[in-house]
Amino acid sequence: MSNHCVGGGGAAAGADDLTDDLVAEILLRLRASEPACLVRASAVCKPWRRLLTDQAFLRRYRDFHGAPPLLGFLHNVAGGGEDRYVPVTASPVSPPDIACPFWVALDCRHGRALLDEFPFSADFTVWHPMAGRRRRLPRPDLPYFKSYAAALLCSAAGCNHLDCRRGGPFLVVVVGIDEPEQQNSRPWATVYSSDSDSWSPTTSDYLNLTLTPNCDIDRKPAALVGDALHFALAEGSGIIKYNMEECSLSRIHPPVVYKGGIVVMAMGGNLLGLAGIEGSILSMWSSDVSLDGGVRWEKNRVIKLESFLPSIDCVEAVACELAQPAPIGFVDGADIVFVRTDAGVFMIELKSTCVRKVCERGYFKAVFPYTSFCTPGVHLQQNRVQFSRKRLLELREGDVATVRQSNGKSHKGTQP
């Protein structure tokens, strides 16, 4: 049975000759990393649009492509400022509408982002980039809330995290160090549940786990491996592991101490991985747990960056230290690592070794990738929400005539 398309254009006429099953198989293979392709396809004819907004087809589309594609990223840069969300492809995502210019990204995972506006606000902000919605939640009420990092996780039962629901339940896991400048400082953890709207009692291992003075949490993306979250320590000095099932803390020693810092990541087979840079060499490691409970590291790959990234030529020692190449983010499932240099931030695709510059110069501390499926249904829904907000503002201003006039024009241009 053929599709009957609206309009007499060549694209519509060609689409009319394709069977429904064949059209579905073709559209199923459009690249998820280029949402504009889906939007253009949905504009070909009404049957294609109905198919591309059908929930059954969208489930097939997400299952077919697997890991959600990278749409953009949030970054933390010294001095704060605007343009903190950087798109890497065309999508309807806009930067978070936050008045405070010094907000800090804490995590971006499972379709949401966690932001911190301290000391301008006493709350965390959970932001849904695709819908533009925000929700505030109280910060943990702890006297030693200084050195910390966080992870935001979907907690919906049975969710495969390919399309986490916007209003679904979530957890916020915060891991920190009580007195990082003191001798024998210790890590702690607490968990927020959106179901109970409360924080759990603090977990801390005061008997078995102590850290050296000035040991700080490196506020970079945490790695979720199985039921455990892994947070990097500053200057590559170690990794703090929080087992969510057992509510326990432990420390993992890295294979090499990378002074510029490391990024941790989840690898295939439920393995923990890390990336570090020494000189111009990017090294990728994976870990395995031995029978005695120890962690064994294996170097998987070495990439010489000197042929990909601009050379560094610093005169001032401080500036040179801040400009040394360092990994500051990683995209799970896509094998993409973000590297900071004095020339800006570069995105390196490890499979193809393709390099793309995504930010100009500046002292970038961390990158938090935003991955999500962006489909025509979501895109159109956001446009409707944005139009509704604009219309509400016009009504509040009393410009009813303008609204009626714009509605009349839109009705005239509507196809039956």
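Predicted model, so just to flag it, every value in this text is computed and none were measured. (Residues numbered from 1 in each chain as written. Predicted model: local features only at pLDDT ≥ 70, side-chain atom pairs only at ≥ 80, totals over all residues. Heavy atoms only, no water.)

Chemist: Outline the pattern of salt bridges, listing residues and values.
Modeler: Inspection of the entire model under this criterion finds 10 salt bridges. As a salt-bridge pair, E25 and R29 come within 2.9 Å of each other at their nearest N and O atoms. What makes E25 partly exposed here is its relative accessible area of 31%. R31 is the partner of E34 in a salt bridge, and the nearest nitrogen-oxygen pair spans 3.4 Å. Look at the salt bridges and you will find they share partners, linking E25, R29 and R60 into a network. (Salt bridge = Lys/Arg side-chain N within 4 Å of Asp/Glu carboxyl O. Buried < 20%, exposed > 50% of the residue type's maximum accessible area, 1.4 Å probe, protein only.)

Chemist: Residues and numbers for the packing of aromatic side chains, please.
Modeler: The full count for this structure, using the stated rule, is seven aromatic pairs. Each ring, one from F124 and one from W199, has its centre 6.4 Å from the other, and the planes form 65°; the classification is edge-to-face. Pair noted here: F124 is in strand β5 (residues 123-128) and W199 is in strand β10 (residues 198-199), with a separation of 75 residues, a long-range link. Chaining the aromatic ring pairs together yields one cluster made of F124, F170, Y192 and W199. Taking NZ or CZ as reference, R84 lies 4.2 Å from the ring centre of W103, over its face. The cationic tip of R219 hangs over the ring face of Y148; the distance from NZ or CZ to the ring centre is 4.3 Å. (Phe/Tyr/Trp six-rings, centres within 6.5 Å; stacked < 30°, edge-to-face > 60°. Helix = DSSP H or I, 4+ residues; strand = E, 2+ residues; numbered from the N terminus. Lys NZ or Arg CZ within 6 Å of the ring centre and 35° of its normal.)

Chemist: I'd like a rundown of helix α2 (residues 20-28), residues and numbers included.
Modeler: Every buried residue of α2 is accounted for by V23, A24, L27 and L28. For α2, the angular spread of the buried residues around the axis is 130°, confining them to a single face. As for α2, its buried residues are in contact with α3 (35-42), α4 (46-52) and α5 (55-65). (Arc of directions from axis to C-beta. Contact = heavy atoms within 4.5 Å.)

Chemist: Explain unusual backbone geometry to me, and be specific about the residues and the numbers.
Modeler: The residue D197 is not glycine, and still its phi comes out positive at about 55°. Within the fold, D197 resides in the loop between β9 (187-193) and β10. We note that T353 has phi near 55°; this positive angle belongs to a residue other than glycine.

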